Amino acid sequence: MNFLVHLHLADISDTHLSANLAGDFAKGSIIDHPKHLQQGIWLHRQIDIVTDSHEIIKDLLSQFPSSSRRVAPILIDLAFDHYLAYYWEEYHQQSLLDFTQKAYQCMQTTQELPPKLQTIIPSIIQQDWLSSYQSRQGLDQAITGVSKRLSKPELFNSAIKDVDKLYIEIEIAFRTFYPQLMAYSRIYSRKTPAEYLV
């Protein structure tokens, strides 16, 4: 899952927004990271495990053509952010605008975030990455942006075209799977090992 999804799942499970976001950037043992980030990192990893092992996601990955197979997990993550933003009012009581402002404020005030996350936070906020996912153009821009940050951008040469071809299939997967993931996040937040709690 990508940024908006992890922030949303953090919010509905009443866990720390920026700590959950840090999960993508926090490598190695959880206990090596600041205490106030540990629960969020742990929850982020549980969400990723559930997602990667789910039959809906496995089936969706198998539908991507060979041209995008290696980056298909990233494309699904980005597309799920898009569909969450597009259908936002069905999944959260707060407006997307208000939620993104809360998330940006949390990013700016959370101490000791992983350096790579700290580096991109100004761009996330200034370019309003979270709200931009609402449009199809915003999704395409996110795909292009990710391709530029990775070492092999050529792997994304047909990414936008391949997402176009599977646009409905990805939406069906999201609408089917995401409510389950919301439930998992609430359950796992209550099962956080004691050593990761502040």
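Residues numbered from 1 in each chain as written. Predicted model: local features only at pLDDT ≥ 70, side-chain atom pairs only at ≥ 80, totals over all residues. Heavy atoms only, no water.

## As for helix H1 (residues 3–12)
Note: α-helices contain 3.6 residues per turn, so residues at a spacing of three or four share the same orientation. H1 sits mainly inside the fold: 10 of its 10 residues count as buried. Of all the positions in H1, only Phe3, Leu4, Val5, His6, Leu7, His8, Leu9, Ala10, Asp11 and Ile12 are classed as buried. Positioned one or two residues after H1, Asp14 has a phi angle of 60°, which is positive. (Buried < 20%, exposed > 50% of the residue type's maximum accessible area, 1.4 Å probe, protein only. Helix = DSSP H or I, 4+ residues; strand = E, 2+ residues; numbered from the N terminus.)

## Observations concerning the environment of Gln93
Tracing the backbone through its elements, the reader meets Gln93 in the loop between helix H6 (88–91) and helix H7 (96–109). As a C-alpha pair, Gln93 and Leu166 span 73 residues in sequence and 29 Å in three-dimensional space.

## Examining the pattern of salt bridges
All told, the structure shown has five salt bridges when counted by the stated rule. Measuring nitrogen to oxygen at the nearest pair gives 2.8 Å for the salt bridge that ties Lys102 to Asp11. Of this pair, Lys102 sits in helix H7 while Asp11 is found in helix H1, placing the two residues 91 residues apart along the sequence. Since its relative accessible area comes to 34%, Lys102 is described here as partly exposed. (Salt bridge = Lys/Arg side-chain N within 4 Å of Asp/Glu carboxyl O.)

## Regarding the nonpolar core
One finds Phe64, Phe80, Met107, Ile170 and Tyr178 to be the most contacted residues of the largest nonpolar core, which totals 64 residues. It is helix H5 (residues 72–86) that contributes the most residues to this core, nine residues altogether. (Core = buried A, V, L, I, M, F, W, Y, C linked by side-chain atoms within 4.5 Å.)

## Quick look at the packing of aromatic side chains
Here the structure, examined in full by the defined rule, presents 12 aromatic pairs. Residues Tyr83 and Phe174 carry aromatic rings whose centres are separated by 6.1 Å and whose planes lie at 25° to one another, so their mutual orientation is stacked. Within this pair, whereas Tyr83 is found in helix H5, its partner Phe174 is found in helix H12 (residues 167–190), the two being separated by 91 residues in sequence. Take Tyr83 and Phe174: they sit in the same class, and that class is buried. With a centroid separation of 4.9 Å and an interplanar angle of 85°, the aromatic rings of Tyr86 and Tyr87 are classed as edge-to-face. Exposure remark for Tyr87: the relative accessible area of 17% places this residue in the buried category. (Phe/Tyr/Trp six-rings, centres within 6.5 Å; stacked < 30°, edge-to-face > 60°.)

## Focus: helix H8 (residues 115–126)
Among the residues of H8, Leu117, Ile120, Ile121 and Ile124 are the ones counted as buried. For H8, the buried positions fall inside an angular range of 145° around the axis, keeping them on one side. Residues of H8 that are exposed and point over 90 degrees away from its buried face: Pro115, Thr119 and Gln126. Buried positions along H8 lie against H1, helix H2 (17–22), H7 and helix H9 (129–132). (Arc of directions from axis to C-beta. Contact = heavy atoms within 4.5 Å.)

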